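Structural description and commentary
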Amino acid sequence: MLNREYKTRLKLMLELLKRPGWKGCQYNIPQGGMYLWVQLPEGLDSGALLKAALPKGVSFLPGSLCSTGVQDQRYIRLNFSHPGRDELLLGMNLISEAISEFTARS
């Protein structure tokens, strides 16, 4: 039952990533685990995005905190197993809003 719920949440997250606010982001569908790795558009740093997202009440893990390397600065790790569906929807919308605000300034 739990695996079904996680699959449902992953599908929801994948659908939300198709929205315009996530334009330019890339991801691969995971074969397992509880996280989705998203590559941000060129010029968008995950640490800077986190600082813009936190005041909105939402967070994620920047790739640079998960591993080493310069390439990780454009990656974020999103958890789809912890938040419920409503929280997931809200969180993804808030991160999308932060991305839009950040990219509008560029």
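To be clear, the structure that these remarks concern was listed above.
Structural notes, computed from the coordinates. Throughout, residues of each chain are indexed from 1 in the direction in which the sequence is written. Local features in a predicted model are, by the rule used here, given only for residues with pLDDT of at least 70; side-chain atom pairs are given and counted only at 80 or more, and totals for whole chains, interfaces and linings are based on all residues. Side-chain measures were taken over the full set of non-hydrogen atoms in the model, leaving aside hydrogen atoms and water.

Further remarks concern the sheet that holds strand S3 (residues 61-62). Pairing is antiparallel in the open sheet, where 4 strands are placed in the order S1-S2-S4-S3. Where the open sheet ends on each side, the last strands, each with one partner, are strand S1 (26-27) and S3. Only strands joined by at least two bridges in the DSSP assignment are considered to pair. Under the scheme used here, helices are H or I runs from DSSP no shorter than 4 residues and strands are E runs no shorter than 2 residues, and both carry numbers assigned from the N terminus. Sheet topology places S1 next to strand S2 (residues 35-39); 2 bridges connect them, and they run antiparallel. Paired with Gln-26 across the two strands is Gln-39, which belongs to S2.

Along an α-helix, a turn takes 3.6 residues, which lines up residues three or four apart on a common side. Expected helix span is taken as 1.5 Å per residue step, with the number of steps being one fewer than the number of residues. Counted at 1.5 Å a residue, the expected span for helix H1 (residues 2-16) with its 15 residues is 21 Å, and the 21 Å between its end C-alpha atoms agrees. Turning to H1, its buried residues are Glu-5, Tyr-6, Arg-9, Leu-10, Met-13, Leu-14 and Leu-16. When accessible area is computed with a 1.4 Å probe and restricted to protein chains, residues below 20% of their type maximum are described as buried, those above 50% as exposed, and intermediate ones as partly exposed.

Attention now moves to the nonpolar core. Within this scheme, the nonpolar core is defined by two criteria: the residues are buried Ala, Val, Leu, Ile, Met, Phe, Trp, Tyr or Cys, and they are joined through side-chain atoms within 4.5 Å. Core analysis: the largest hydrophobic core is formed by 28 residues, its most contacted members being Trp-22 and Leu-78. Looking at this core, the elements that each hand over two or more residues are H1, S2, helix H2 (46-53), strand S4 (75-79) and helix H3 (85-105). Only heavy atoms matter for contacts: two residues are in contact if any of them lie within 4.5 Å across the pair. Every residue in contact with Trp-22, bar those within four places of it in the chain, is listed here: Leu-16, Leu-17, Val-38, Ile-76, Leu-78, Met-92, Ile-95, Ser-96 and Ile-99.

What follows is about H2. Of all the residues in H2, the buried ones are Ser-46, Leu-49, Leu-50, Ala-52 and Ala-53. The buried side chains of H2 occupy one side of the element, clustering within an arc of 160 degrees when seen end-on. Where H2 begins, the capping side chain belongs to Asp-45, and its oxygen is found 2.9 Å from the backbone nitrogen of Gly-47. Directions pointing from the helix axis toward each C-beta atom define the arc. Side-chain atoms alone can form a polar contact between residues adjacent in sequence; in general such a contact is a pair of N or O atoms within 3.5 Å, and within protein one must be able to donate a hydrogen while the other accepts it.

Considering the arrangement of structural elements, one finds Gln-39 in strand S2. Under the relative-accessibility criterion, Gln-39 is labelled buried at 16%. If near-sequence neighbours (up to four positions away) are discounted, Gln-39 is found in contact with Gly-24, Cys-25, Gln-26, Arg-74 and Tyr-75.

Another aspect to go through is the pattern of salt bridges. Pairing is possible between side chains of opposite charge, provided their charged atoms come close. Here a salt bridge means any side-chain nitrogen of Lys or Arg lying within 4 Å of a carboxyl oxygen belonging to Asp or Glu. All told, the structure shown has 6 salt bridges when counted by the stated rule. Of the charged contacts, one joins Arg-9 and Glu-5 as a salt bridge, the two residues approaching to 3.0 Å between their closest N and O atoms. Of this pair, Arg-9 and Glu-5 both sit in helix H1, 4 residues apart, roughly one helical turn. In this pair, the class of Arg-9 matches that of Glu-5, namely buried. A salt bridge links Lys-18 to Glu-15, with the shortest nitrogen-to-oxygen separation between them at 2.9 Å.

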